[in-house]
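Observations on chain architecture
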Amino acid sequence: MDATIAYLLTLAVYYFIFNIQTWGLNLQFGVAGILNFAYIIFFAVGAYITGTFALPHADPFSGQTYFFGFALPFPIPLIAGGLVAAALGLLVGVIALKRLRSDYMAIVTVSVGAIVYDIIGNYFPLFNGQDGISGVPFPLQTRLGLDYNTYQWFFMGLAGVIMLILFLIIQRITHSPFGRTLRSIREDQDVSEAFGKDTFRYRMIAMAIGCFYAGVAGGLLIEYISAFNPSGWTAGETFVLFAALIIGGRGNNWGAALGALLVPVIFQEATRYLPQFPNSDTLVPALRNVVVGVLLIVTLWFRPQGLLPERKAKFPKVQLDAPENKQEEADVALG
Amino acid sequence: MSPSAEAQPQPVAPATTTAPILRVEHVTHAFGGVNAINDCSFEVQTGSITALIGPNGAGKSTMVNVISGFYPLQQGQILFDGQSVRGLAAHSIAQRGLIRTFQISRDYGAMTVLENLMVPPKHQVGENLFNVFFRPWLVAREEKELVRKALDMLNTFGLYEKREDYARSLSGGQKRLLEMARALMADPKMLLLDEPMAGVNPALADRLAQHIMDLRGKGLTVLMIEHNLGIVDQIAQDVVVMANGTTLARGTMVEIRSHPEVISAYLGGA
Ligand SMILES: Nc1ncnc2c1ncn2[C@@H]1O[C@H](COP(=O)(O)OP(=O)(O)OP(=O)(O)O)[C@@H](O)[C@H]1O
Ligand SMILES: [Mg+2]
C-alpha cells in the first residue's frame, strides 16, 4: 500500500476514535456540565478490558502478565470495554457527583485519575504495568482471511460504522427531553432540583454514557494498533480532548467532531513535521501542548462558545389558540 | 389591558379552606453555632395567599430552604400535605407539588425562554432514555402538548414574543415573569416564592401581584416572601411575621399592623 494512503487511513481511524471520545466528553461536560478530568482513564480502561478480553490466557513465557485473557470474539471485548468503563464511571460518580460543587467534582476526578494511572502503571499482574499489553488480535481478521492492506480498509469501514451508530445515538440523547434536563442541570442544578429533577441520577446517567463512549473509543484503538501502555493515556490527553471540545463547540456534537478534527488530528499531527531538534526529543511533544494551549486561549478570547456553538433547541410547530395570537402561527422552530 | 388598574385595592377575602397544606412546627436551623431560625412555627391554609414578612436577616429565605429540602430539617417538624418532609431530598419534595423560586432570579441562561419552560413538567416520558429510543412517538406527542402549554403560559405572562431569545438576554423584570411562568409549568400544588417582585418597577409588581391572585383562583396555595407591605395588603389573606428567626406575629395585615411588637421590630411606625 502506498505510504501516504496508509498514513491517511491511520489518520481516519484515529479521527473516528477521537470523535467518539469527544462526543462522550461533550455529553458529560458540554451538555451536563460535569467536569471529569479523569476522562482519559475511562478510555484506558476500555482499551485494557477490550485487549485482555480478546487476548488468550496470559502465557507465562510471553513476557506479559494480565488479568482475564478470555479470547472472546469481536465485538464482545469492545462492548465489555465500554460497559466496564461505564461501570467505573458510575463508581467515580458516586464519589464525585454527590456534592453540588463543581470544584469538588474536579478535585475528585483528578485524584481518581492519578490513582488509577499509578495502579495500572505499577501493578504488573493487572495489565502488565508500564510495559503495557500487546499482541491483541485484529477483530475478524482470521475469520475474514483478509491480507494486511485490505484489512486496513476493512477496519476503517468498521470503525466508521461504529462511529456513525454512536453519533446517531448521542444526537438522539442530546436533543431529547432527557438532554434538555441535563442542560438545565448544567445551567443551574439547584433550580432543576427545585423542579423535582433527581439531578444526581441524571448526572450519573450522563457520566455512565460518556464513559461508555470513552471505553469504546479505547477499545477500538487497542483493536487497531493491538497494543497499549500507560504512555498512551497521560493526563495531558484529557486536556487535549477538553481543548478539542471547547474549540469545536461544546454542547454541539458537530462542534465536537470539528474540534476532534482540528485539535488532535490536524494540529497535533502537523507538529510531527516540525524539524527535529538534536538532543531534545521531548521538545516537539511539549510544543504540541503549547500549540493546543494557545489555540484554546485564542478561542476562549475571541469565540468562547467555540467554532460551532450549541444551537437553540427546536420544537414542534404548534398552533396557539389564545386570542392575542390568533393570527399568529406559533412557529417555534429555530435555526 | 391594563393589569395595574385591575390590581388596585380589592377587599381581602379570608382563606377559603381551613385545613393547612403546610405546617411548620418548632423549626430551628443553625449555621455553625448560630440559629438563623429559632423555634419557628406557622401554618399556611390550603388555597390561601400567605405572606412571610420580616426584616432583613430574619430567617425567611432560610425557612424557604428548609421547607423545600435545600437545607436538611435539623429540628422541629414540617408537614406538607399531611406528610413530613423530613429526610426528603429537594427534588422529592418538589415532586409532591411544592415548588419554590429563589430570591435572586435564576434562569437557565443559555437556553431559550421557551426551552426554560419545557424543563419543569414532571415525569416527562422523554426524560426516560428507553422511551426516547423505543417509544419516540410518545415523546413527540408529549413534546407537542408541552410546547402548547408553554406557549400559552408565555402568552399569559407577556413573554410570547421573547420565546426564542436566550433567557440570559431578558431584563430583570422579564426574568421575574419567566421565573413565575416556569414555576407554574411544574403544576404545583403550592408555590413558595422568595421575593418574586424584588427589583421590579411598580407597574410590573402590580402585574405579578395580579398573576399571583389569579393563581389563587385556580386553587393554588402561595407562600410568598415580600417586603412591600402595600402589595401584601393587597393580595395576602394571612401574614406571618418573622424576626430574629422566630414567628413574631400571625394574622391578617390589619391585625399585624396594630401589633405592638411588630411595630417596634419591623414596621417602625409604618
Ligand atoms: N448559608 C448560610 N451560612 C451562614 N449563615 C447564613 C446562611 N444563610 C443565611 N445565614 C444567616 O442567617 C440569617 C437569616 O438569613 P436569611 O437569608 O434567611 O434572611 P432573610 O430573612 O431571607 O433576609 P432578606 O430579607 O435580607 O432576604 C442571617 O443572619 C444570615 O446571615
Ligand atoms: Mg431572603
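None of the values given here were measured: they were computed from a predicted structure. Each chain carries its own residue numbering, running from 1 in the direction its sequence is written. A letter from A marks each chain and a number from 1 marks each ligand, given out in the order of writing. pLDDT decides what is reported in this predicted model: residues at 70 or higher carry local features, side-chain atom pairs at 80 or more are listed and counted, and totals for whole chains, interfaces and linings draw on all residues regardless. Water and hydrogen atoms play no part in the side-chain values, which are based on all heavy atoms of the structure.

Moving on, we get to the overall build of chain B. The secondary structure content of chain B amounts to eleven helices and ten strands. Relative to a compact globule of 270 residues, whose C-alpha radius of gyration would be 18 Å, chain B shows 19 Å and is just as compact. For chain B, the C-alpha atoms occupy an extent of roughly 60 × 45 × 35 Å along the three principal directions. Looking at the 270 residues of chain B, the share that counts as buried comes to 54%. A helix here means a DSSP run of H or I that spans at least four residues, while a strand means a run of E at least two residues long, and both kinds are numbered starting from the N terminus. As a reference, a globule follows 2.2 Å times the number of residues to the power 0.38, and the radius of gyration itself is taken over C-alpha atoms. Partly exposed describes any residue whose relative accessible area lies between the buried limit of under 20% and the exposed limit of over 50%, with all areas from a 1.4 Å probe on protein chains only and scaled to the type maximum.

Whenever strands of a sheet pair, they do so through backbone hydrogen bonds, lying parallel or antiparallel. Residues and elements named next belong to chain B. Pairing between two strands is assigned when DSSP locates at least 2 bridges connecting them. Pairing is antiparallel across the open sheet formed by four strands, whose spatial order is E2-E1-E4-E5. At either end of the open sheet lies a strand with only one pairing partner, and these are strand E2 (34-45) and strand E5 (83-84). As judged from the eight bridges shared by strand E1 (residues 20-31) and E2, these two strands associate in the antiparallel manner. When the bridges of E2 are listed, Ala-30 appears paired with Asn-35. The contact rule is simple, with two residues in contact once any of their heavy atoms fall within 4.5 Å. Each axis is a line fitted through C-alpha atoms, taken for helices only over the stretch in contact, and angles between the N-to-C directions span 0 to 180 degrees. Of the strands in this sheet, E1, E2 and strand E4 (75-80) are in contact with helix H2 (residues 60-67), which crosses E1 at around 115°.

Attention shifts here to the environment of Arg-143 of chain A. Residues and elements named next belong to chain A. Locating Arg-143 in the fold gives a position in helix H6 (residues 141-144). Judged by its relative accessible area of 63%, Arg-143 is exposed. C-alpha separation for the pair Arg-143 and Trp-233, spaced 90 residues apart in sequence, amounts to 31 Å.

Residues and elements named next belong to chain B. For the magnesium ion (ligand 2), the protein coordination sphere consists of Ser-61 (OG) and Gln-103 (OE1), at 1.9 to 2.2 Å. Linking Ser-61 in helix H2 with Gln-103 in the loop between strand E6 (98-100) and helix H4 (113-118), this pair joins segments that are 42 residues apart in sequence. A relative accessible area of 34% places Gln-103 in the partly exposed class. Counted as donors are N, O and S atoms no farther than 2.8 Å from the metal, or 3.2 Å for Na, K and Ca; water is not among the atoms, and sites may therefore look incomplete.

Turning next to the environment of Asp-103 of chain A. Note that Asp-103 of chain A resides in helix H4 (residues 102-122). Here the alpha-carbon distance between Asp-103 of chain A and Leu-126 of chain A, two residues 23 residues apart in the chain, equals 31 Å.

Okay, the interface of chain A and chain B next. Contacts between the two partners involve 45 residues from chain A and, on the opposite side, 46 residues from chain B. Joining two parts hides part of their accessible area as seen by a 1.4 Å probe, and the buried area is that hidden amount summed over both. Between chain A and chain B lies a buried interface of about 3900 Å² when both sides are counted; carbon and sulfur atoms form 60% of it. A per-residue breakdown of the area chain A buries against chain B is headed by Arg-180, Phe-195 and Lys-312 of chain A, which together make up 17% of the total. Any carboxyl oxygen of Asp or Glu within 4 Å of a side-chain nitrogen of Lys or Arg constitutes a salt bridge here. Our count for the chain A to chain B interface comes out at five salt bridges. For the salt bridge of Glu-127 of chain B with Lys-197 of chain A, the shortest nitrogen-to-oxygen distance reads 2.8 Å.

This part takes up the domain arrangement of chain B. Residues and elements named next belong to chain B. Note that the domain bounds were set by an automatic or database domain assignment. Split by domain assignment, chain B resolves into domain 1 (9-107 + 187-268) and domain 2 (109-169). Each of domain 1 and domain 2 has a C-alpha centre, and these two points are 29 Å apart. Residue-level contacts link seven residues of domain 1 with ten residues of domain 2. Applying the counting rule to domain 1 against domain 2 returns one salt bridge. With its nearest N and O atoms 3.0 Å apart, the salt bridge here joins Lys-149 to Asp-187. Counting only elements with at least two residues in the side of domain 1 that touches domain 2, the list comes to helix H3 (90-95) and helix H8 (202-217). Gly is placed with the polar residues, together with every amino acid not listed as nonpolar (Ala, Val, Leu, Ile, Met, Phe, Trp, Tyr, Cys and Pro) or charged (Asp, Glu, Lys and Arg). For the side of domain 1 that touches domain 2, the class distribution of residues is one nonpolar, three polar and three charged.

Relative to the helices and strands, Glu-142 of chain B is located in helix H6 (residues 136-156). One buried charge, Glu-142 of chain B, has no salt-bridge partner; the nearest side chain with opposite charge is Arg-180 of chain A, at 6.4 Å. Leaving out residues up to four positions away in the same chain, Glu-142 of chain B has contacts with His-123, Gln-124, Val-125 and Gly-126 of chain B. Note that His is not counted, nor are the chain ends; the positive residues are Lys and Arg, and the negative ones are Asp and Glu.

Residues and elements named next belong to chain B. Proximity criterion: a residue is near a molecule or strand once any of its heavy atoms comes within 4 Å of it. Of all residues adjacent to ligand 1, which total 14 residues, the nearest are Asn-56, Lys-60, Ser-61, Thr-62 and Gln-103. One of the backbone N or O atoms of Gly-57 is found 2.9 Å from an oxygen atom in ligand 1. Counting of polar contacts relies on pairs of N or O atoms within 3.5 Å, with two restrictions inside protein: one atom must be capable of donating a hydrogen and the other of accepting it, and residues adjacent in sequence are counted only when both atoms are side-chain atoms. The side chain of His-227 places a nitrogen or oxygen atom 3.0 Å from an oxygen atom of ligand 1. In isolation ligand 1 offers 630 Å² of accessible surface; the protein chains occlude 59% of this area. Broken down by element, the shell around ligand 1 gets its largest block of residues, three residues, from H2. Of the residues in the shell around ligand 1, the class split is five nonpolar, seven polar and two charged. For the accessible areas, the method is Shrake-Rupley and the probe is 1.4 Å, while residue cover comes only from the protein chains on display.

This part covers the sheet that holds strand E3 (residues 49-53) of chain B. All names here are of chain B. As summarised here, the arrangement of the six strands in space is E6-E7-E8-E3-E9-E10, forming an open sheet in which the pairing is mixed. Either end of the sheet is taken by a strand with one partner, and the two such strands are E6 and strand E10 (246-251). Going across the sheet, the axis of each strand differs from the next one's by a mean of 15°, ignoring polarity. Its contacts with the sheet put H2 on E3, E6, strand E7 (190-194), strand E8 (221-225) and strand E9 (238-243), and the angle it makes with E8 is roughly 145°.

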